[in-house]
Amino acid sequence: MSIPAAPDAPAARRAPGLRTLLTLLTFVLSALGAGGLVALRSEQIDREARAAAGELNLQQAVGVAAAIDTDLGRFGSELLAQAQLVEESGALRQPVLLQALMNGLQAQPSHAWAGVTDAHGKVLAASAGRLVGMNVAGREWWGAAQDRLHYGDVHEAELLQRLLPALQAGEPWRFIDLSAPLREDGQLAGVVAVHLSWPWLRERIELFARAIPTRDAQLFITGSDGRQRLGPVGALGDALPLHVLAEEVPRGWRVQRWPDGRDYVTAWATSPGSTPFAGFGWVTLVRTPLQALELAHAGLHHGVWTAAVLTVLLATALAWTLSTYFLRLLARFVERVHRIAEGAEVPPPSRRLPAELARIDEVLQALMGRLHGQALRAGEARDVFLAQMNHEVRTPLNAVIGLSRLLGQMELPDKALRYVREIEQAGQRLLALATGALERSHRTDGGARLRHEVFELPALLDAAREAVEPEARRKRLGLKLDLAPELPPRLRGDAFQLRRLLLGLLAHAVRVTDHGDVSLRVRHVPLAAGQQQLLLQLEVPAAGGLAADNPAAQADGPVPRAHGAFEQGLARVRRLARLLGGTLAVEDEPGRGAVLQVSLPFDAAA
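Residues numbered from 1 in each chain as written. Predicted model: local features only at pLDDT ≥ 70, side-chain atom pairs only at ≥ 80, totals over all residues. Heavy atoms only, no water.

**Observations concerning the sheet that holds strand β1 (residues 111–118)**
The test is simple: Only strands joined by at least two bridges in the DSSP assignment are considered to pair. Numbering goes from the N terminus for both helices and strands, where a helix is a DSSP run of H or I of at least four residues and a strand is a run of E of at least two. For helices, the fitted line uses only the C-alpha atoms of the stretch in contact; every axis is such a line through C-alpha atoms, and the angle between N-to-C directions lies from 0 to 180 degrees.
Strand order in the open sheet made by the 5 strands is β2-β1-β5-β4-β3, with antiparallel pairing throughout. Single-partner strands in this sheet number two, and they are β2 (123–126) and β3 (150–156). Neighbour-to-neighbour, the strand axes of the sheet open up by a mean angle of 25 degrees, direction not taken into account. The sheet contact formed by β1 and strand β5 (residues 187–197) spans 7 bridges and is antiparallel. Along β5, the bridge assignment pairs glycine 115 with alanine 193.

Encoded structure:
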């Protein structure tokens, strides 16, 4: 018994070596470990960067919120002091003095307008005389200041919009209202009010923000109504529902997704107010884009990845070197095992061979001896079986076929003669089956031996057609055989396998066809060196039963999915076509039927 050496076996050539496996395993494990460490370190870098940005943003948010409260608290205290001055000086009854006081308030750049009304809302005096004589009792700031100091959230001007100088870029005037009551003898005598300029306060807020610098940060202010008061993008009054952050904790920071769909390191601080200012419920927000932080720390991430890659490469190279060193002994042992498997004489194992490998060597030699004896006995048993099979099966079959031929030469009625021919054809098919069984018993190297014999192609085609004609007549089907005139009558090849292929094609076509004609066309294409490309084209009508119940077609070209039972029967035909060195293609068009084409190479016979 001869066993091929491992290097000649295709599976052994494709299988990676142990050194490769060890190196790959080391590479994978080191890559996973390094990747995990890189992920942890990258997460740590990102976490530290976010924490630093969050703390810095929080400092700015707290500082700006405190500065706004301080300014508004100061303006409120100044207005209360002005109200007390008006009350004590009796300026309500002195128009000149009252106008002078209002002009003094107007001199401050923070004040867009200042004025005093009587108890009924009529403006008695105002900066630059604006609105004097008008009744403002319907304004919110007037009605809310009947009994206390009033702060009005930022809003767009109405009465003063056309009276004040135009702002740059067509921006409308917006104010923060401050108003306080004026009393005489405990009764309401009037209201003193100022409109703080929002453009001025906005510039002051930006100045506060620059005092606590941050990197790539943007400052926003949102009100308790979820509307924007200030921000580098958007407009006053736009939806900015981030005031809910302050409902959890008055100040803090976290990574927050904004309405634009992007994530930011967001710090917030509420506006608690500053006496006498109770606060508007504003929330100051300072945000830094996560993308900006990632770009700022890209160098650190690159360094971490570089170190990880170098570590993986070093570990892989070390594994390769060590495996090469330790596998030298194993490689020599494997070579010894190959020689034992081939049945070659091998010297006794070296004393330097480890005890474990020496024991394996002994077991292998004993096992190969037993396998060799079993193979010899199996070969003898097979030879005996084939000899008996050849005598017990083929001899009676040949007798049946011979007697059928003798009967066919006698003068018999047509019907009896047809029966005799069918008996002979059935015997031929049974003999073909027995011969096929014997062929499979003689397989070598995984495939049957092909014969090279001269045969008559028309006779073989007629025999295949006659074999399926009874079933075709029973189903009332037409069975047509169309041979090309230039078709060579004699070919050289395996007639037995070709007969099996033809029978498979026709039998399955008749089986799945309900009505119509089954047509087999035979053509040829001359090839080089006397070869003939035999083309078998089988046409099955549209009612041939090609149901879509077997999507796994086994043809050599693009095969449609809808071939059902027909394609199931073609599996053997496809194997036979490949065995003969040919191909099988199936085409199926709805309403027109199926066309099967088999291309087979044969040598032309002299």
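So, next bit.
**Observations concerning the nonpolar core**
What counts here: In this description, a nonpolar core means a group of buried Ala, Val, Leu, Ile, Met, Phe, Trp, Tyr and Cys residues linked to one another through side-chain atoms lying within 4.5 Å. Classification of residues uses two cut-offs on accessible area relative to the type maximum, computed with a 1.4 Å probe and protein chains only: under 20% is buried, over 50% is exposed, and between them is partly exposed. It only takes one pair of heavy atoms within 4.5 Å for two residues to be counted as in contact.
Ranked by internal contacts, the top residues of the largest apolar core, which has 43 residues, are Leu72, Ile176 and Ile205. Breaking this core down by element, the ones donating at least two residues are α2 (18–89), α3 (95–106), β1, β3, β4 (174–184), β5, α5 (198–211) and β6 (218–222). At 10 residues, α2 tops the list of elements feeding residues into this core. Those residues in contact with isoleucine 176 that lie beyond four places of it in its chain are Gly152, Val154, Val194, His195, Leu196, Trp198, Leu201, Phe280 and Trp282.

**Quick look at the environment of leucine 536**
Relative to the helices and strands, leucine 536 is located in strand β15 (residues 531–540). By relative accessible area, which is 1% here, leucine 536 ends up buried. Each C-alpha atom of the pair leucine 536 and histidine 524 lies 8.5 Å from the other, and the pair is 12 residues apart in sequence.

**A short note on empty space enclosed by the protein**
Note the following rule: Only protein atoms enter the 1 Å grid, on which a cavity is a set of points fitting a 1.4 Å probe that cannot get out and a pocket is an open set with protein on both sides within 12 Å along at least 5 of 7 lines, lining residues being those with an atom within 4 Å of a point. Grid points are joined across faces, edges and corners, and a volume is the space filled by probe spheres set on the points. Only Asp, Glu, Lys and Arg are considered charged, only Ala, Val, Leu, Ile, Met, Phe, Trp, Tyr, Cys and Pro nonpolar, and every remaining residue, Gly among them, polar.
The tally for this structure, following the rule as stated, stands at 3 cavities of 30 Å³ or more. Of the voids in this model, the largest cavity is the one considered here, and its volume is about 100 Å³. As for the largest cavity, its lining consists of Leu131, Val136, Arg139, Trp141, His155, Ala157, Glu158, Leu159, Leu160, Phe175, Asp177 and His195. Partitioning the lining of the largest cavity into residue classes produces 7 nonpolar, 2 polar and 3 charged. For the second largest cavity, the calculated volume is near 60 Å³.

**Quick look at the pattern of salt bridges**
We count it as follows: Should a side-chain nitrogen of Lys or Arg be within 4 Å of a carboxyl oxygen of Asp or Glu, the pair is scored as a salt bridge.
Within this structure, the stated rule accounts for 20 salt bridges. Close ionic contact of aspartate 263 with arginine 257 constitutes a salt bridge, the shortest N to O distance being 2.9 Å. Relative accessible area serves as the criterion here: at 26%, aspartate 263 is assigned to the partly exposed category. Arginine 257 sits in the exposed class, given a relative accessible area of 52%. As a salt-bridge pair, arginine 465 and glutamate 469 come within 3.9 Å of each other at their nearest N and O atoms. Taken together, the positions of arginine 465 and glutamate 469, both in helix α11 (residues 457–474) and 4 residues apart, correspond to about one turn of that helix. Owing to a relative accessible area of 24%, arginine 465 belongs among the partly exposed residues under this scheme.

**Re the packing of aromatic side chains**
Basically, it comes down to this: Working definition: rings of Phe, Tyr and Trp (its six-membered ring) pair if their centres are within 6.5 Å, and the pair is stacked with planes under 30 degrees apart, edge-to-face with planes over 60 apart, and tilted otherwise.
Summed over the entire model, instances satisfying the criterion amount to 11 aromatic pairs. Taking the centre distance of 6.3 Å and the plane angle of 40 degrees together, the rings of tryptophan 173 and phenylalanine 175 count as tilted. Phenylalanine 175 shares its class with tryptophan 173; the two are buried. Taken together through their ring pairs, the aromatic side chains of Tyr151, Trp198, Phe277, Phe280 and Trp282 make up a single cluster.

**Focus: the environment of histidine 508**
Residue position: histidine 508 is located in helix α12 (residues 495–512). Taking the C-alpha atoms as reference points, histidine 508 and leucine 570, 62 residues apart in sequence, are found 7.7 Å from one another.

**Points about the confidence of the model for the protein chain**
Operational definition: What pLDDT reports is the predictor's confidence in each residue, on a scale of 0 through 100.
Across the protein chain, the average pLDDT comes to 81, with 83% of residues at or above 70. Looking over the protein chain, one finds the lowest element-wise mean pLDDT in helix α1 (residues 10–14), namely 50, and the highest in β4, namely 95. Per-residue pLDDT stays below 50 along residues 1–12; that stretch engages in 11 contacts with residues further than four places along the chain or on separate chains. A low-confidence stretch, residues 442–446 (pLDDT under 50), is modelled with 4 contacts involving residues beyond four sequence positions or located in other chains.

**Looking at the sheet that holds strand β8 (residues 251–257)**
Strand pairing in a sheet relies on backbone hydrogen bonds. The paired strands run either parallel or antiparallel. The sheet built from 5 strands is open, its strands ordered β7-β6-β10-β9-β8 with antiparallel pairing. Edge positions in the open sheet fall to β7 (228–230) and β8, since each of these has one partner strand only. Geometrically, the sheet is characterised by an average inter-axis angle of 30 degrees between neighbouring strands, direction not taken into account. When β6 meets β7, the two strands line up antiparallel, connected through 2 bridges. Each bridged residue has a counterpart across the sheet, and for isoleucine 221 the counterpart in β7 is leucine 230. Strands in contact with α2 are β6, β8, β9 (263–270) and β10 (283–289); relative to β9, the strand with the most contacts, it is inclined by about 35 degrees. Relative to the sheet, α5 contacts β6 and β7, its axis offset from that of β7 by approximately 75 degrees.

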